Amino acid sequence: MPPKKKTHEVTLALEAGNAAMVDLGKMLGPTGANMRAVKVEYDEATAKNRGEIIPVIVSVYEDRSHTLAYKTPPTSFLIRKALGIQSGASNPLTQTVGTLSQAQIKEIAERKIVDLNANDLDAAIKVVAGTARSMGVKVAS
């Protein structure tokens, strides 16, 4: 049996365990994929991480079947969660919204390293620290 031909690939950032049908419909409607099946599969796979944003890549094939590839939550989301804030600074040059400890940055980097283009943990820590600074979050040294 020849491999299935991929017709669409869509990346969605959805709430874990509770994907909104509206968001799925907007992005997956034109692909012809079974949105209900995608929602059920996504919700079951991400139920243990409720409240987080888990990006997923939905690949749709010629026969309208699909596969889901899960990513780690966005770095900015993990930083906001660690600090307990709603958003970063509107002007990161003049405002600070909090301070991240080295331990918190390392914890976020360890979780994100699979999705970052970093070769080792030290490089991943630098990426996370840079994202934090761009949000107006101070990095404790």
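Residues numbered from 1 in each chain as written. Predicted model: local features only at pLDDT ≥ 70, side-chain atom pairs only at ≥ 80, totals over all residues. Heavy atoms only, no water.

Going by the annotation in an unreviewed UniProt entry, the name recorded for the chain is Large ribosomal subunit protein uL11, with Paractinoplanes pyxinae given as the source organism. Database annotation for the chain, UniProt heading Sequence similarities (unreviewed entry): "Belongs to the universal ribosomal protein uL11 family." Per UniProt, the chain has the following entry under Function (unreviewed entry): "Forms part of the ribosomal stalk which helps the ribosome interact with GTP-bound translation factors." (UniProt positions renumbered as here; feature names shortened; annotations may be inferred.)

### Side note on the pattern of salt bridges
By the definition in use, this model includes four salt bridges. Residue Lys39 pairs with Asp43 through a salt bridge whose shortest N-O separation is 2.8 Å. Of the two residues, Lys39 and Asp43 both sit in helix α2 (residues 35–46), four residues apart, roughly one turn of that helix. Given the relative accessible area of 15%, Asp43 is considered buried. For Glu52, the salt bridge identified is with Lys81, shortest N-O distance 2.6 Å. In this pair, Glu52 sits in the loop between α2 and β2 (53–61) while Lys81 sits in helix α3 (residues 75–83), placing the two residues 29 residues apart along the sequence. Of the residues examined, Glu52 reaches a relative accessible area of 7% and is grouped as buried. Each of the salt bridges in this network shares a partner with another, and the network as a whole consists of Glu52, Lys81 and Arg111. (Salt bridge = Lys/Arg side-chain N within 4 Å of Asp/Glu carboxyl O. Helix = DSSP H or I, 4+ residues; strand = E, 2+ residues; numbered from the N terminus. Buried < 20%, exposed > 50% of the residue type's maximum accessible area, 1.4 Å probe, protein only.)

### Some thoughts on the environment of Gly136
Structurally, the position occupied by Gly136 is in the loop between α5 (121–134) and β5 (137–139). For Gly136, a relative accessible area of 3% corresponds to the buried category. A sequence separation of 24 residues divides Gly136 from Lys112, and the C-alpha atoms of the two residues are 20 Å apart. If we skip the residues at most four places from it in the chain, Gly136 touches Ala89, Pro92, Gln95, Thr96, Val97 and Gly98. (Contact = heavy atoms within 4.5 Å.)

### Notes on the packing of helix α1 (residues 21–28) against α2
Running from N to C, α1 and α2 point in directions that differ by 130°, and their axes come no closer than 10 Å. With respect to each other, α1 and α2 are oriented oblique. Here α1 runs over α2; the crossing is right-handed. Between α1, through Met21, Leu24, Gly25 and Leu28, and α2, the contact on the second element is made entirely by Met35, Arg36, Val38 and Lys39. (Axes fitted to C-alpha atoms, helices over the stretch in contact; angles between N-to-C directions. Parallel < 35°, antiparallel > 145°, perpendicular 65-115°, else oblique. Left-handed = near helix turned anticlockwise from the far one by under 90°.)

### Concerning the environment of Ala19
In this fold, Ala19 is placed in the loop between β1 (6–15) and α1. Separated by 97 residues in sequence, Ala19 and Leu116 have C-alpha atoms that sit 24 Å apart. Excluding residues that lie within four positions of it along the chain, Ala19 makes contacts with Leu14, Leu24, Lys39, Tyr42 and Asp43.

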